[in-house]
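# Residue-level structural notes
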Amino acid sequence: MKPYYFFALLALPLLVGCAREIPPAQVGVKFSSASGTEEKLLKPQVVWVLPRQRLVLYPTNIRNATYTRGGHGGAERAGNDSIQCSTNEGAILPVDVTVSYHVDPANVMTVYKNFGTNDIQQIQTEFIRPATNWAVNSVGGQKSVFELTSKERAQFGQRVKAILIPKLAAWGLTVDDVFTGEVYPPEEVKQKVNERISVRTELDTAQVTLKRATVEAETIQTKAKEQAEVNRLLGEAGDKAVALKKIELRRKAIAKWDGVAPLTGDGRIPFTDLTLGR
């Protein structure tokens, strides 16, 4: 056997051990401690990674950085990992937050220049989480407990997203969405919120009742005015009917009169204001 065949056979297991696969939906950058970064985007394929080289992979599909109180649903770590949000009253509210993000292939070198050989999990833990904490508190610090647990809750995640997008974009990371889940106020704060909601509900009910009563009163007043007008018209019609009836009776009496003045009475000629001399 020739010497170079011998060395090739010895090196073959080492070379096989240096083969690394870049899986689908990921891209890679190969780092060499001797020559620095290889300025080339490596797409899904099998590549050789020599002993003094390191392959750093980045996901191009969407990943979720999840920070929850119970450590469930793909949370980064077990236990209470929720984001501690401070309100404008100074109350601390644990908030479940999920940040969906990915690395665009065009931004891979930007990510590498910002984070070096840190893999995506390290980036998520050491950089995305603090940035999320900052964004959540930037929004929550301007709101009250009542707003964050009721009327503002639906917009909370979108407001955080608007702040987080440019922050992560500067690092080469693309934010796809931000979801805010449960908000966990302390028990005494929860009681105050419930009391406020109860008072507000009672106020809304009273306002609805008042409005209904006002409408009913206006309806009654309008109907009363209409009825008064009807009564007035009926009264006028009655007076006219009486006058017409008198005229009708007088006409019939004239038709029956024989022209002879009555022998008794005040001497007035019937159906006139004239008086006969006596």
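This structure is a prediction, so every number in the text was calculated from the model and none was measured.

Let us look at the overall build of the protein chain. Helices and strands together make up the secondary structure of the protein chain, namely 6 helices and 9 strands. Split into buried and exposed, the 278 residues of the protein chain put 29% on the buried side. Counting only contacts in the protein chain whose residues sit at least 6 apart along the sequence, the fraction spanning at least 24 positions is 65%. Split by element, the accessible area of the protein chain, about 17700 Å² in all, is 58% carbon and sulfur.

Turning our eyes to something else, we now look at the confidence of the model for the protein chain. When pLDDT is averaged across the protein chain, the result is 77; 74% of the residues are at 70 or more. When pLDDT is averaged over each helix and strand of the protein chain, the minimum, 45, is found for helix H1 (residues 3–17) and the maximum, 92, for helix H3 (residues 120–140). In this model residues 4–16 is a low-confidence stretch, pLDDT under 50, and it forms 4 contacts with partners more than four residues away in sequence or in other chains.

Another point: the packing of aromatic side chains. Tallying each qualifying case throughout the model produces 3 aromatic pairs. With a centroid separation of 6.1 Å and an interplanar angle of 75 degrees, the aromatic rings of Phe 127 and Trp 171 are classed as edge-to-face. One end of the pair, Phe 127, is in helix H3; the other, Trp 171, is in the loop between helix H5 (153–169) and strand E9 (173–183), and 44 residues separate them in sequence. According to the relative accessible area criterion, Phe 127 is partly exposed, its value standing at 27%. Following the ring pairs from residue to residue traces out a cluster consisting of Phe 115, Phe 127 and Trp 171.

Moving on to helix H2 (residues 108–115). Listed in full, the buried residues belonging to H2 are Val 108, Met 109, Val 111, Tyr 112 and Phe 115. The buried residues of H2 occupy an angular sector of 155 degrees when projected down its axis, which confines them to one face. One or two steps after H2, the chain reaches Gly 116, where phi turns positive at roughly 60 degrees.

Here we come to the pattern of salt bridges. The tally for this structure, following the rule as stated, stands at 2 salt bridges. Residue Arg 129 is joined to Asp 81 by a salt bridge in which the shortest nitrogen-to-oxygen separation is 2.9 Å. Of this pair, Arg 129 sits in helix H3 while Asp 81 sits in the loop between strand E6 (63–67) and strand E7 (83–86), and the two are 48 residues apart along the sequence. Of the charged contacts, one joins Lys 161 and Asp 177 as a salt bridge, the two residues approaching to 3.9 Å between their closest N and O atoms. Here Asp 177 lies in strand E9 and Lys 161 lies in helix H5, a separation of 16 residues in the sequence. Using a relative accessible area of 18% as the deciding quantity, one classes Lys 161 as buried.

What follows concerns the environment of Asn 88. With respect to the helices and strands, the residue Asn 88 is situated in the loop between E7 and strand E8 (92–103). Under the relative-accessibility criterion, Asn 88 is labelled partly exposed at 44%. With 56 residues separating them in the primary sequence, Asn 88 and Ser 144 have C-alpha atoms 5.5 Å apart. Residues contacting Asn 88, with those up to four places away along its chain left out, are Gly 140, Gly 141, Gln 142, Lys 143 and Ser 144.

Let us now look at unusual backbone geometry. The residue Ala 25 is not glycine, and still its phi comes out positive at about 65 degrees. Mapped onto the elements of the fold, Ala 25 is located in the loop between strand E1 (19–21) and strand E2 (26–32).

Here we take up the side chain of His 102. Along the chain, His 102 turns up in strand E8. Leave out the neighbours within four places in its chain, and His 102 touches Pro 59, Thr 60, Asn 61, Ile 62, Leu 173, Thr 174 and Asp 176.

The next thing to look at is the packing of H3 against H5. It is at 9 Å that the axes of H3 and H5 come closest, and there the two elements cross at 130 degrees. It follows that H3 is oblique to H5 by the angle criterion. Judged by the sense of rotation from one axis to the other, the crossing of H3 with H5 is right-handed. Between H3 and H5, the residues in contact are Ile 128, Ala 131, Thr 132, Trp 134, Ala 135, Val 136, Ser 138, Val 139 and Gly 140 and Phe 156, Arg 159, Val 160, Ile 163, Leu 164, Lys 167 and Leu 168, respectively. The class makeup of the residues in the contact of H3 with H5 is 11 nonpolar, 3 polar and 2 charged.

Thresholds, definitions, all that
- Residues numbered from 1 in each chain as written.
- Predicted model: local features only at pLDDT ≥ 70, side-chain atom pairs only at ≥ 80, totals over all residues.
- Heavy atoms only, no water.
- Helix = DSSP H or I, 4+ residues; strand = E, 2+ residues; numbered from the N terminus.
- Buried < 20%, exposed > 50% of the residue type's maximum accessible area, 1.4 Å probe, protein only.
- Contact = heavy atoms within 4.5 Å.
- Areas by Shrake-Rupley, 256 points an atom, 1.4 Å probe, with all protein chains shown as cover.
- pLDDT = per-residue confidence, 0-100.
- Phe/Tyr/Trp six-rings, centres within 6.5 Å; stacked < 30°, edge-to-face > 60°.
- Arc of directions from axis to C-beta.
- Salt bridge = Lys/Arg side-chain N within 4 Å of Asp/Glu carboxyl O.
- Axes fitted to C-alpha atoms, helices over the stretch in contact; angles between N-to-C directions.
- Parallel < 35°, antiparallel > 145°, perpendicular 65-115°, else oblique.
- Left-handed = near helix turned anticlockwise from the far one by under 90°.
- Nonpolar A, V, L, I, M, F, W, Y, C, P; charged D, E, K, R; others polar.

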